[in-house]
Amino acid sequence: MDIVDSQIHLHLTMNAEETLAAMNSLGIQAAVIDEFWGFDETTGRGNPGILLPEARAFRATAPGAELAALRHPERFSYLLRIHHRDPELAAGVKAVADAPHARAVRIVARADEDVKELGQGAFRPVFDAAADHGLPVFAMTPRNAPMLRPYATEHPDATIILDHVGMPANEDEFQDVLRLSDLPNVAVKWGHGPELFHAGEYPFGPATDKLLQVLNAFGRERVMWASDYTAITGDHRWADELFALRESDLLGTEDKEWVLGRTVRTVLGWPRPAEPYTPPKIRH
């Protein structure tokens, strides 16, 4: 099976070579990198990039992801975070479109000010620029899934991927996520399921039940798996996140193929290699 992890972070806990070793052991063919070194999302300090104090923005860069993708183009691709208050955001989005291995942009609205501005339409320039260049937009805004509806409606040609199922805190917020399925350009990144849905120990049955609801609403062509392993907070491993889905009796083979790889490749325009990667044999 062509397994593609739609979100990992380099340099938070692992570098590229360590990540490849783990991917090889798990049978993961490829991964999308969101380069992220720390958790100060207000200023961006600790992450590669440029602080723009006058604009109250941070202009992210991704040197580690770019190098990893250049060295291993069939194993790594990456996205770039774009700040909605960056005065040069249009140029930043164009640079992503022009880069050989960058395939998407990402917005993050977690701080109160950013969430307020998301609701006021202040993120529109990011979606405008992404639509102009045919780039998908990953959207991280916990508990605020309905705020993305106007952007999706105004940009029908732009694919918006709701990060980590919108991170709902209760059933009502989960239903808000499912209601976005009427918008054909909205997809869902299935990540953090065991934590979000209090699924207990492996194989995380309650989370799989929620995934089935997401699949019924959105269809398998709009749901992609992400481990987010390097930032995950639960007491389980990268393997647990993957095998809970790959080995599940509740998911059909075609559902697994789409969720675990085909969806992200289709959405990002990242072709599957003619031959799957196999680690070289070690001669003793």
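Residues numbered from 1 in each chain as written. Predicted model: local features only at pLDDT ≥ 70, side-chain atom pairs only at ≥ 80, totals over all residues. Heavy atoms only, no water.

Participant: Run through the overall build of the protein chain, naming residues and quoting values.
Facilitator: Check the secondary structure of the protein chain and you find eleven helices and ten strands. Its C-alpha atoms give the protein chain a radius of gyration of 18 Å, within 12% of the compact-globule value 19 Å for 284 residues. Summarising the internal contacts of the protein chain: among those between residues at least 6 apart in sequence, 74% fall at separations of at least 24. Separation between the mean location of the 28 positive side-chain charges and that of the 42 negative ones in the protein chain comes to 3 Å. (Helix = DSSP H or I, 4+ residues; strand = E, 2+ residues; numbered from the N terminus. Rg over C-alpha atoms; globule rule 2.2 N^0.38 Å. Contact = heavy atoms within 4.5 Å. Lys, Arg positive; Asp, Glu negative; His and termini not counted. Charge placed at Lys NZ, Arg CZ, Asp CG, Glu CD.)

Participant: Mind laying out the pattern of salt bridges, listing which residues take part and the relevant values?
Facilitator: For the structure on display, the rule yields 22 salt bridges. Two residues, Glu154 and Arg124, come together in a salt bridge whose shortest N-O distance is 2.7 Å. Of this pair, Glu154 sits in helix α6 (residues 149-154) while Arg124 sits in helix α5 (residues 124-133), placing them 30 residues apart in sequence. Looking at Arg124, the relative accessible area reads 32%, which means it is partly exposed. Asp182 serves as the salt-bridge partner of Arg149, at 3.0 Å between the closest nitrogen and oxygen. You can see Arg149 sitting in helix α6 and its partner Asp182 sitting in the loop between α7 (171-179) and β9 (186-190), a full 33 residues away along the chain. Here the salt bridges do not stand alone but share partners, grouping Asp34, Arg81, Arg106, Asp163 and Lys189 into one network. (Salt bridge = Lys/Arg side-chain N within 4 Å of Asp/Glu carboxyl O. Buried < 20%, exposed > 50% of the residue type's maximum accessible area, 1.4 Å probe, protein only.)

Participant: Give me the lowdown on the packing of α7 against helix α9 (residues 205-218), citing residues and values where you can.
Facilitator: α9 packs onto α7 with a crossing angle of 30° between their chain directions and a minimal axis gap of 10 Å. With respect to α9, the axis of α7 lies roughly parallel. Across the interface between the two elements, Glu171, Phe174, Gln175, Val177 and Leu178 from α7 touch Lys210, Gln213, Val214, Ala217 and Phe218 from α9. (Axes fitted to C-alpha atoms, helices over the stretch in contact; angles between N-to-C directions. Parallel < 35°, antiparallel > 145°, perpendicular 65-115°, else oblique.)

Participant: So, the packing of helix α1 (residues 16-26) against helix α10 (residues 238-246): which residues are in play, and what are the values?
Facilitator: With their axes 11 Å apart at the nearest point, α1 and α10 run at an angle of 30° to one another. Looking at the two axes, α1 sits roughly parallel to α10. The handedness of the crossing between α1 and α10 comes out as right-handed. Counted together, Thr19, Ala22, Met23 and Leu26 of α1 and Trp238, Ala239, Leu242, Phe243 and Arg246 of α10 form the full contact between these two elements. Across the contact of α1 with α10, the residue classes break down as seven nonpolar, one polar and one charged. (Left-handed = near helix turned anticlockwise from the far one by under 90°. Nonpolar A, V, L, I, M, F, W, Y, C, P; charged D, E, K, R; others polar.)

Participant: Help me get a handle on the sheet that holds strand β2 (residues 30-34), residues and values and all.
Facilitator: Spatially, β1-β2-β5-β6-β7-β8-β9-β10 is the arrangement adopted by the eight strands of the open sheet, whose pairing is parallel. Only two strands of the sheet have a single neighbouring strand rather than two, namely β1 (4-8) and β10 (223-225). For this sheet the average axis-to-axis angle between neighbouring strands, irrespective of direction, equals 25°. Sitting on the sheet, α1 touches β1, β2 and β5 (76-81), and the angle it makes with β5 is about 125°. (Pairing = 2+ DSSP bridges.)

Participant: Lay out unusual backbone geometry with the relevant residues and their values.
Facilitator: The peptide bond linking Tyr202 to Pro203 adopts the cis configuration, its omega dihedral lying at 15°. Within the secondary structure, Pro203 is located in the loop between α8 (193-196) and α9. A positive phi angle is found at Arg56, which is not glycine, with a value near 50°. Relative to the helices and strands, Arg56 resides in the loop between β3 (49-52) and β4 (57-60). Not every positive phi belongs to a glycine, and Val165 is a case in point at roughly 55°. Tracing the sequence through the fold places Val165 in the loop between β8 (160-162) and α7.

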